[in-house]
Amino acid sequence: MAPTDSKANEEAHWAATTRLMWTMLGIWVFFGYIIHMFVNQLNAIKIPILGFPLGFYMGAQGSLIAFVVMLFVFARKQDKIDRDHGYAED
Amino acid sequence: MATQSSGDSDFINNLGKVYGYYAGGFLAFVVLLGLLEMVGVPNKVLGYLFVFFTIAVYAIIGVLSRTAQVSEYYVAGRRVPAFYNGMATGADWMSAASFVGMAGTLFLLGYDGLAWVLGWTGGYVLVSVLVGPYLRKFGAYTVPDFLAFRFGGNFARFLGVIVLVACSFTYVTAQIFGTGIIASRFLGMQFEVAVFVGLLGILLCSMLGGMRAVTWTQIAQYIVLIVAYLVPIIILSTQHYGIPIPQLTYGNAIAEIAAREQQMVKDGLAVLCTAQACPAGSLKPHIQPFMNYSTLNFFGIIFCMMVGTASLPHILMRYFTTPSVREARQSVAWSLFFIFLLYFSAPAYAAFSKLEVYTNIIGRDVANLRPWLFEWGNLGLIQICGKNATTLADIAAACKAIAGHPGVVRLQDFVINTDVIVLSTPEIAGLPYVISGLVAAGGLAAALSTADGLLLAIANALSHDIYYKMVDPNASTVRRLTVARALLLVVAVAAAATASTRPSDILAMVGWAFSLAMAGNFPALVMGIWWKRATTTGAIAGIIAGFGLCLFYLITTRYFPQAGVDYFGMTAMTNPVTGAPLVDIAKPIAATAAQRVGWFGLNNINCGLLGMPLGFLVIYVVSLMTAAPSKEMQAYVDEIRKPRGGTVLQEK
């Protein structure tokens, strides 16, 4: 295992964690807010077969699915960061 | 002791089996009641069986989970697996308002109602990324525990308790109110009696076993509430479109609604709301955005509900119960998945109900209305032509009295209480009463589970933070648990007594709770974890400033609008469509439930939008003006950031 308790390792771990945090917040802002600012334009697009206007669909389902997927991905990625730096739980 | 813990680990290893049998048993019970209905058992008896059977099951779980260990009582021994903790959090989260009210809100507000759906789901991203797992690593019993440790002791702890009680007490009162409404509607019980029956159910679940008992009952309650929510609408979708996935089929319903809306306007059955004129009762197209909320308030609600989620103590403390930090993160993902199952179905309820109302009520001859309306009209929940829809004759007379009424129901003649949408769906679909009973049991499960979580959050803060940490740090285990239980009882009775007076603002206050939690807790929690330089003075000043500003805005706009205009430069709120002011601020303004003055047209439910940024700013500035935290404290913060190793705080 790497020298887990070195200052450098600790800082690298936190830098990677912080980077992941900002990435996640960026995606969160996109699906939580930005995409809904274009609801009128998106509503002009109809989803084939299902018939939803896309803008409405994103608010009712699309963003929600994105949030759920994000959280599972985040749990894995953060765990990988912890493992790589030797800070994961056994 | 040894036998007890091996019995416990047996139980944990067999959770899948236990809850699998439970879910199967519940479905068998529903089928059994369906058979009883077919042989002619009266509806009222079925309703009672539903409610009492489910409450009895929760109570049995609660009693079986009783405990005499402090860590079991406060954090369920930190052994709840991620998947099941997710389910428990789902039940903890989804309140009476989510179960009964959400679909109705979407029915009324159309697209704008999605602000609530988005706001009440996306916050879990913040819980997982910014706060939850770090608090788990820290190892607290309560949220104020963390504030006290990180920010120099009991003053920060005390502020944490104030924020917690301020946002949780009104919330729990609303849940008990919800149980009263559901029980009185389905069982014909008197509201005040129903409130105390609900209270009994809540206490049986939580009092003996604390967090441990609440966890295992919440999982049972989640299963009931999700089955109850999905069954009616799956049947309805199959009836309409032949496909049992309502979340996909309602796209067609939305297209039909849009076509029907145009037809209604053309036939003179509805007046379209436009920027020139938008009278009460006029048609706001279902998918048209920003007809009910201004753009600022729409996005404000999303933001405040999301950040509020990551600040509410009763949600954060659920992640104290997982075996590891890793599982805390997985658990947040599962929580949102289980919540998502309900929230992505709510818009389908709204669409199907709206289609039913627009095609089978609006435009129908007054003399020819369908009978299910009148049951709800008798409860005062549906009005037609300005009168409660009690009987056909009454309605016909009321409509005739309106000058120039065409004799068919127009959109502006029809008023429906939002609670009816979910509760009446089984009847609209022509389903047997047993499905209505199922829905009632689900609504009750939603209200009870949320009430349990909130009650525990309040009572734990009072017993652990105030009594044990501030009043008597030498108290014995027995004494601490006795005090915890006594306080739980006191808080519960106080909440039930408040609910039984039917306070008028109760539902609005649930929304306020999110903003208050956000303004008070979020900056201090996030800065405490993510910025080592945050100091005690900074955090205390930040909590007071953020929470204070939010509370000030709420109270002034709601209760003292005149003072707001006279002394604080508030201006009139405007109609989001026409831009017309809601009140003439040159004349005296009386306080009304609907907010009429404010800053920048900001809805007071969004006061966290003012308080939270101020909180962050104050913590930042004041921290830089004061001496940096000790090396020791900074090392503790480093510890919180690494999952490996024991908890930072060793609670006894």
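Residues numbered from 1 in each chain as written. Chains lettered and ligands numbered in written order. Predicted model: local features only at pLDDT ≥ 70, side-chain atom pairs only at ≥ 80, totals over all residues.

Each helix and strand in chain B was counted, giving 26 helices and five strands. At 25 Å, chain B has a C-alpha radius of gyration in line with the 26 Å of a compact globule built from 652 residues. C-alpha extents for chain B along the principal axes are approximately 80 × 65 × 40 Å. For chain B, long-range pairs separated by at least 24 residues make up 82% of all intrachain contacts whose partners lie at least 6 apart in sequence. (Helix = DSSP H or I, 4+ residues; strand = E, 2+ residues; numbered from the N terminus. Rg over C-alpha atoms; globule rule 2.2 N^0.38 Å. Contact = placed C-beta atoms within 7 Å.)

Right, let's get into the overall build of chain A. From N to C terminus, chain A includes three helices and zero strands. Reading chain A from its N terminus to its C terminus gives the helix and strand order α-α-α. Computed over the C-alpha atoms, the radius of gyration of chain A is 19 Å, more than 25% above the 12 Å expected from 2.2 N^0.38 for a compact globule of 90 residues. The principal-axis extents of the C-alpha atoms in chain A amount to approximately 55 × 25 × 15 Å.

Glancing now at the nonpolar core. The biggest cluster of nonpolar side chains holds 237 residues, and the ones touching the most others in it are F67 and L71 of chain A together with V131, L225, L455 and I458 of chain B. Considering every element that reaches this core, the biggest residue donor is helix α20 (residues 433–471) of chain B, with 20 residues. Apart from residues no more than four positions distant in its own chain, L455 of chain B is found in contact with V172, I202, S206, L488, V491 and A492 of chain B. By size, the runner-up hydrophobic cluster in this structure holds five residues, among which are M570, M573, I589 and V597 of chain B. (Core = buried A, V, L, I, M, F, W, Y, C linked by C-beta atoms within 7 Å. Buried ≥ 20, exposed ≤ 12 C-beta atoms within 10 Å, placed from the backbone.)

Before going further, it helps to spend a moment on the interface of chain B and chain A. Contacts between chain B and chain A engage 39 residues on the former and 35 residues on the latter. At the level of secondary structure, the elements contributing two or more residues to the side of chain B that touches chain A comprise α7 (114–138), α12 (246–266), α13 (295–309) and α15 (325–343) of chain B. Take the side of chain B that touches chain A: its biggest share by element is ten residues, from α15 of chain B. Its residues assigned to classes, the side of chain B that touches chain A shows 25 nonpolar, eight polar and six charged. (Nonpolar A, V, L, I, M, F, W, Y, C, P; charged D, E, K, R; others polar.)

Next up on the list: the packing of helix α8 (residues 143–150) of chain B against helix α9 (residues 154–187) of chain B. Residue and element names in this part refer to chain B. In contact at an axis separation of 7 Å, α8 and α9 are set at 155° when each is read in the N-to-C sense. Classified by the angle between their axes, α8 and α9 sit roughly antiparallel to one another. Handedness of the crossing formed by α8 with α9: right-handed. Contacts between α8 and α9 involve V143, P144, L147 and A148 from the former and N154, A156, R157, G160, V161 and L164 from the latter. Residues belonging to the contact of α8 with α9 are distributed by class as follows: seven nonpolar, two polar and one charged. (Axes fitted to C-alpha atoms, helices over the stretch in contact; angles between N-to-C directions. Parallel < 35°, antiparallel > 145°, perpendicular 65-115°, else oblique. Left-handed = near helix turned anticlockwise from the far one by under 90°.)

It is worth spelling out the environment of A457 of chain B at this point. Residue and element names in this part refer to chain B. Positionally, A457 belongs in helix α20. Classification of A457 by C-beta neighbours within 10 Å gives buried; the count is 29. Linking A457 and M211, residues 246 residues apart in sequence, is a C-alpha distance of 9.3 Å.

Further remarks concern helix α10 (residues 191–206) of chain B. Residues and elements named next belong to chain B. Taking 1.5 Å per residue as the helical rise, α10 with its 16 residues ought to reach 22 Å, and the 23 Å between its terminal C-alpha atoms agrees with that figure. Looking only at α10, the buried set comprises A194, V195, G198, L199, G201, I202, L203, L204, C205 and S206. Turning to α10, the residues buried within the fold contact α3 (43–64), α9, α11 (210–241), α20 and α21 (477–500). (Expected span 1.5 Å × (residues − 1).)

Turning next to the sheet that holds strand β1 (residues 382–384) of chain B. Within the open sheet, the three strands sit side by side as β2-β1-β3 (chain B). Their pairing is antiparallel. Edge positions in the sheet fall to β2 (387–388) and β3 (414–416) of chain B, since each of these pairs with one other strand and no more. (Pairing = 2+ DSSP bridges.)

Let us look at unusual backbone geometry. Positive phi outside glycine occurs at I49 of chain A, with the angle close to 65°. Tracing the backbone shows I49 of chain A in the loop between α2 (39–43) and α3 (54–84).

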